[in-house]
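Here's the letter readout for the chains.
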Amino acid sequence: MKIIAYARCSTNETRQSTERQVEAFRKWEQENGIKIDEIVEEYATGKNFDRVKYQRIKEELQKDDVLIVKELDRFGRSMDLIKNEWNYFMSKGVRIIVLDMPLISSDLKGNKTLDMKFIANLVFEVLCYSAEKEREKLSQRTREALAVKKSQGVKLGRPSTYSEEIINAAMEDFKNGMKLREISLKYNVSIDRVSVWKRERGITLKERV
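Model, not experiment: these values are computed from the prediction.

Lay out the overall build of the protein in plain terms, naming residues and giving numbers.
When its secondary structure is counted, the protein shows 7 helices and 4 strands. Tracing the protein from N to C terminus, the helices and strands come up as β-α-β-α-β-α-β-α-α-α-α. Burial analysis of the protein (209 residues in total) assigns 33% to the buried set. At a minimum sequence separation of 6, the contacts of the protein that also span at least 24 residues come to 62%. Here the protein has roughly 13500 Å² of accessible surface; of this, 52% comes from carbon and sulfur atoms.

So what's going on with unusual backbone geometry? Residues and values would help.
Here the phi dihedral of D64 falls at roughly 75°; this positive angle occurs in a residue that is not glycine. Tracing the backbone shows D64 in the loop between α2 (52-60) and β3 (66-69).

Can you break down the sheet that holds strand β4 (residues 95-98) residue by residue, with the values?
Strands sit in the order β2-β1-β3-β4 across an open sheet of 4 strands; the sheet is parallel. Every other strand in the sheet has two partners, leaving β2 (38-43) and β4 as the edge strands with one partner each. Sheet twist, expressed as the average angle between the axes of neighbouring strands with direction ignored, equals 20°. Both β3 and β4 contribute to a ladder of 4 bridges, which runs parallel. Along β4, the bridge assignment pairs V66 with R95. Helix α1 (residues 19-32) contacts β1 (3-9), β2, β3 and β4 of the sheet and is inclined by roughly 155° relative to β1.

Any details on the nonpolar core? Residues and values, ideally.
Of all hydrophobic cores here, the largest spans 21 residues; its most connected members are L67, L72, F75, W86 and F89. Listed by contribution, the elements that provide at least two residues to this core are β1, α2, β3, α3 (79-92), β4 and α4 (114-151). The dominant element in this core, judged by the number of residues it contributes, is α3, at 4 residues. Among residues more than four places away in sequence, those in contact with L72 are I82, W86, V98, M101, I104 and F124.

So what's going on with the pattern of salt bridges? Which residues, and what values?
Following the criterion strictly, the structure yields 15 salt bridges and no others. Residue R95 pairs with D64 through a salt bridge whose shortest N-O separation is 3.5 Å. In this pair, R95 sits in strand β4 while D64 sits in the loop between α2 and β3, placing the two residues 31 residues apart along the sequence. Given a relative accessible area of 32%, D64 falls into the partly exposed group. One salt bridge in this structure joins E71 and K70, with 3.7 Å as the shortest N-O distance. Like K70, E71 is buried. Via salt bridges that share partners, R20, K70, E71, R74 and D100 belong to a single interconnected network.

Calculation criteria
- Residues numbered from 1 in each chain as written.
- Predicted model: local features only at pLDDT ≥ 70, side-chain atom pairs only at ≥ 80, totals over all residues.
- Heavy atoms only, no water.
- Helix = DSSP H or I, 4+ residues; strand = E, 2+ residues; numbered from the N terminus.
- Buried < 20%, exposed > 50% of the residue type's maximum accessible area, 1.4 Å probe, protein only.
- Contact = heavy atoms within 4.5 Å.
- Areas by Shrake-Rupley, 256 points an atom, 1.4 Å probe, with all protein chains shown as cover.
- Pairing = 2+ DSSP bridges.
- Axes fitted to C-alpha atoms, helices over the stretch in contact; angles between N-to-C directions.
- Core = buried A, V, L, I, M, F, W, Y, C linked by side-chain atoms within 4.5 Å.
- Salt bridge = Lys/Arg side-chain N within 4 Å of Asp/Glu carboxyl O.

Here it is as structure tokens:
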């Protein structure tokens, strides 16, 4: 039986370090008196499963081997995709242990009854459903908040890197007959950017390239 623990974070920033997950794996070793064969750390997005180290784990683990993660979302963000991965490992006979969710975790000693397995599957489905609903609610709240800000006249999107002085000066040049290309060269901005400034200020003069 081979035991692999998988720790994933989206970036390699300190605040998202895998250290917390690795510490949890070491604690599990001590509490159970079982040595983990390998702890795999990967810094990759949770949007999909196209990850080099994760795919290597999928190929390597066989029947009765064990995959340990600290939390269910260490697999990824999408609950539908997580369910597919979960079912893949189950079909291979690989046991999955989720440290923060012992009720859905496999039993290393094989002591789980049929009823216990059934309950674990139900809990897993409920967790997936709850996580997906929470994500939908978060997206809805975000859209509503953005709509309120827009209705209040708050300018959304990435803030401009150009000062109001530069923009106003460029628009004055445009009103005075300067061509877009000339403005672009003078202020070191793209022609498209100059056109955006023009539209934002409601200037209806015909553009001269």
